[in-house]
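Structural characterization, general
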Amino acid sequence: MSQEPTSTPAPEGDDYLERRALRRGSAGWVLLTGLGVAYVVSGDYSGWNFGLAEGGFGGLAIAMVLMGAMYACMVFALAELSSILPTAGGGYGFARRALGPWGGFLTGTAILIEYVLAPAAIVIFIGDYVESLGLFGLESGWPMYLVCFAIFLGIHLWGVGEALRFSFVVTGIAVAALVVFALAALPDFSFAALDDIPVDASAAGSNSWLPFGLLGIWAAFPFGMWFFLGVEGVPLAAEETRDPARTLPKAIRWSMGILVVLAVVTFVAAAGARGSAAIQEAGNPLVEALQPDGEATTLSRIVNYAGLAGLVASFFSLIYAGSRQLFALSRAGYLPRFLSLTSRRKAPYLGLLVPGTIGFLLAAVSGNGARMLNIAVFGATISYALMSLSHIVLRRREPELPRPYRTPGGVLTSSVALVLACAALVATFLVDVTAALIALAVYVVAVGYFGLYSRKRLVAKAPEEEFAALAAAEAELARD
């Protein structure tokens, strides 16, 4: 992909970036670690268990380990990249420097698909939770979705510091409840319950641990991702972070470490307490694991309410991530520039309202949360592959680039992430072909817009474009 600059001077004048400025220094590594966990924590409460129906306990366990390895390798690579280029562009900015404008756009679009579709799916799950809990007699439906988007968009519009602190508190509640769940499930734990799904004898390599054979491992990849999906969004807070070159790598590593522990504990405790067969299709697997006779207990109610807190935390933080990616792409001219304007409180108000409106309409019209999550996963896997490739390219092409943090293992680490991301991308077709095709259709429309219009109207003043232009100038000097 070409490294030649295609940017043009911004026509709005010298105040272009001033009208598109975020609030600097609003978050330290603790709040950012909370943000990384918040992106993901709802996945511990539901969704992952459907992977048991694809691969059984053994298949999902292997898938979780492999996808955990993919995320671990990728976040180490992202930690290095974010220390090099700490801007709101995140993955788009990294790919822009390494792979040129097309690489940056394709990466940013994939990230945007993930962070617009995921909140739309989660708000449906929030509605289902509220209805199942019988809170105030409310029912799941578009009025509930509208209220959720209105309240949480309002908090984001108030300011990033307030938003991150709110997210941190709600995430803390959800994480504490996962610990309570694991302790409550211990007395009923049984190894025999782990592999109680009937074996499909016609599947190649099938046994009690792999009831659907070796192919079941691959089919379970997208569900193994649900324990970690979204943690890569931490670098999107770069411009609102204190000392980002040091803070971001630390927050990314801590987030991933916490998520690995939560994933293992939740998965093993839930399957061992109730049995893999009993929870493989449950909408609320942790609650199901705590009430084997179908009777609600005090602990199951606590976990049920905490599950709602987990959904709120992920919904809230994913809205944040989507707004920052949209902000960065718009500021650089890849998307309409007016979308990156910020308010007096330094919040990208259109970057919040536009994807929020789209998410609400998708939830209200579709009502199919699982389908939208699968579309989000498809976009995510594309971005993972391109971000990992960006790390490899920058290590090879610019080995002398200052790196305040260096990825352990170097390109070997990011190469593992790249291979596993490609495998996960193919696996999405095994789970939901329709979702994959919808995501591809969105991609085609976006590529048409970029190729025919915005590619020649990029903004040279944008940080990510300046960073790429500097690389091109240095390469030109080297050739001379």
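This one's a predicted model, so the numbers in the text were calculated from it and none came from an experiment.

1. Concerning the packing of helix H4 (residues 91-133) against helix H5 (residues 142-158)
In contact at an axis separation of 9 Å, H4 and H5 are set at 120° when each is read in the N-to-C sense. In the packing of H4 onto H5, the handedness of the crossing is right-handed. Facing H4, whose interface residues are Pro119, Val123, Ile124, Ile126, Gly127 and Val130, H5 presents Met144, Tyr145, Cys148 and Phe149. Residues of the contact of H4 with H5, tallied by class, amount to nine nonpolar, one polar and no charged.

2. Some points on the confidence of the model for the protein
Residues of the protein with pLDDT of at least 70 account for 94%, and the chain-wide mean is 87. The spread of mean pLDDT over the elements of the protein runs between strand E1 (residues 7-8), the lowest at 50, and helix H3 (residues 52-84), the highest at 94. Below a pLDDT of 50 lies the segment residues 1-6, which in the model reaches 22 contacts outside its immediate sequence neighbourhood of four places, other chains included.

3. Some words on unusual backbone geometry
One non-glycine residue with positive phi stands out, namely Asp243, at about 50°. Within the secondary structure, Asp243 sits in the loop between helix H8 (221-225) and helix H9 (244-274). One non-glycine residue with positive phi stands out, namely Lys346, at about 65°. Mapped onto the elements of the fold, Lys346 is located in the loop between helix H12 (298-331) and helix H13 (349-366).

4. Describing helix H1 (residues 29-40)
Given a rise of 1.5 Å per residue, 12 residues ought to cover 16 Å, and the 17 Å separating the end C-alpha atoms of H1 matches this to within 8%. Listed in full, the buried residues belonging to H1 are Leu31, Leu32, Thr33, Gly34, Leu35, Gly36, Val37, Ala38, Tyr39 and Val40.

5. Some remarks on the packing of aromatic side chains
The relation between two aromatic rings is expressed through the spacing of the ring centres and the mutual angle of the planes. For the coordinates displayed, the defined rule picks out 24 aromatic pairs. Taken together, a centroid distance of 5.1 Å and an interplanar angle of 85° make the contact between Phe189 and Phe191 edge-to-face. For Phe189, a relative accessible area of 27% corresponds to the partly exposed category. Ring geometry for Phe223 versus Trp226: centroids 5.6 Å apart, planes at 55°, classification tilted. Here the two residues Phe223 and Trp226 agree in accessibility, since each one is buried. Positioned over the ring face of Trp29 is Lys250, at 4.2 Å from the centre of the ring.

Reading guide: rules and limits
- Residues numbered from 1 in each chain as written.
- Predicted model: local features only at pLDDT ≥ 70, side-chain atom pairs only at ≥ 80, totals over all residues.
- Heavy atoms only, no water.
- Axes fitted to C-alpha atoms, helices over the stretch in contact; angles between N-to-C directions.
- Helix = DSSP H or I, 4+ residues; strand = E, 2+ residues; numbered from the N terminus.
- Left-handed = near helix turned anticlockwise from the far one by under 90°.
- Contact = heavy atoms within 4.5 Å.
- Nonpolar A, V, L, I, M, F, W, Y, C, P; charged D, E, K, R; others polar.
- pLDDT = per-residue confidence, 0-100.
- Expected span 1.5 Å × (residues − 1).
- Buried < 20%, exposed > 50% of the residue type's maximum accessible area, 1.4 Å probe, protein only.
- Phe/Tyr/Trp six-rings, centres within 6.5 Å; stacked < 30°, edge-to-face > 60°.
- Lys NZ or Arg CZ within 6 Å of the ring centre and 35° of its normal.

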